[in-house]
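A structural walkthrough
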Amino acid sequence: MTTADINFYFDPICPFAWMTSKWIRIVQAQRDYTVDWRFISLRQINAHLDYDSHFPPEYEAQHTAGLRLLRVASAAREKHGREAIGPLYAAFGARILETAPDEGRAPGWQGTPELAADALAEAGLPTSLVSFLDDTSRDAEIQAESDEALSLTGKDVGTPIVHFEPPDGVAFFGPVISRLPDEAQAAELWDHVVGLARFPGFAELKRSLRERPQLPSFGVTTQQAGQVEDWHAGSRRLKK
């Protein structure tokens, strides 16, 4: 198993995981910092829920698309090594979350063969790996990694999950950010997070109100503050 400064558990369709990953990549560029990019499937961890009563209408198709892409990533990791996942996740995110909203797209567009093939090509991986989108034999491995992530934090969380200084360090849901720090802020802000993580009695610092992230997929520019919404357990669930 690879030893890294952090293990980062992501689902490719999660906007807040994507924002945090962008922040981490800035820190990586400034410091000798290693990340092991790992899997957590929102579709699998929410399998016990009734999507119609708990989530907005598009969520089931989005979460299923994320699982489809994780199957491709699982195959890429097996065949091309763990170092393939960082570039592949970046390529997924660029296509899913760094593009303007388009209401004409069918639900689940994030998990199409065309998108996966383009991302694989950008990451320098064989486009033939799109054949694993529907390979359910990959689901057990993804479920095991999702369970691993939740075993580190407890179950009332979402994505991302970050395991600091594994294997002995602590893991948390988040940090969740809606705005990306600039290069001057990134490492300093990260140091504050690591300082909290290193204190053995620290458990949680949380609010459920979030701005929509400054991402093209949400139509929010870096000059805007996104609409504030109330999220529950890492998801924009429907309130009863």
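Our subject in this report is the structure included herewith.

1. Side note on the pairing of strand S1 (residues 6-10)
The buried fraction of S1 amounts to 5 of the 5 residues, a majority that puts the element mostly inside the structure. Side chains Ile6, Phe8 and Phe10 of S1 all project onto a buried face; the interleaved residues Asn7 and Tyr9 project onto the opposite face, where all are buried too. In this structure, S1 lies alongside strand S2 (residues 35-39), joined through 5 bridges in parallel fashion. Within S2, the residue paired with Phe8 across the bridge is Trp37. A crossover connection joins S1 to the parallel S2 through helix H1 (residues 15-30); in handedness this β-α-β unit is right-handed. One ladder, built from 4 bridges, connects S1 with strand S3 (residues 161-164); its direction is antiparallel. If you follow Tyr9 over to S3, its bridge partner there is Ile161.

2. Digging into the pattern of salt bridges
Within this structure, the stated rule accounts for 15 salt bridges. Here Arg38 and Asp36 are joined by a salt bridge, their closest N and O atoms 2.7 Å apart. Each of the two residues, Arg38 as well as Asp36, counts as buried. A salt bridge links Asp36 to Arg82; the nearest nitrogen and oxygen atoms lie 2.9 Å apart. Linking Asp36 in strand S2 with Arg82 in the loop between helix H4 (59-80) and helix H5 (85-96), this pair joins segments that are 46 residues apart in sequence. We classify Asp36 as buried; its relative accessible area is 3%. Overall, Arg82 belongs to the partly exposed group, its relative accessible area being 23%. What emerges from the salt-bridge pattern is a single network uniting Asp36, Arg38, Arg82 and Glu148.

What counts, and at which threshold
Residues numbered from 1 in each chain as written. Predicted model: local features only at pLDDT ≥ 70, side-chain atom pairs only at ≥ 80, totals over all residues. Heavy atoms only, no water. Buried < 20%, exposed > 50% of the residue type's maximum accessible area, 1.4 Å probe, protein only. Helix = DSSP H or I, 4+ residues; strand = E, 2+ residues; numbered from the N terminus. Pairing = 2+ DSSP bridges. Right-handed = clockwise from strand over helix to strand, strands pointing away. Salt bridge = Lys/Arg side-chain N within 4 Å of Asp/Glu carboxyl O.

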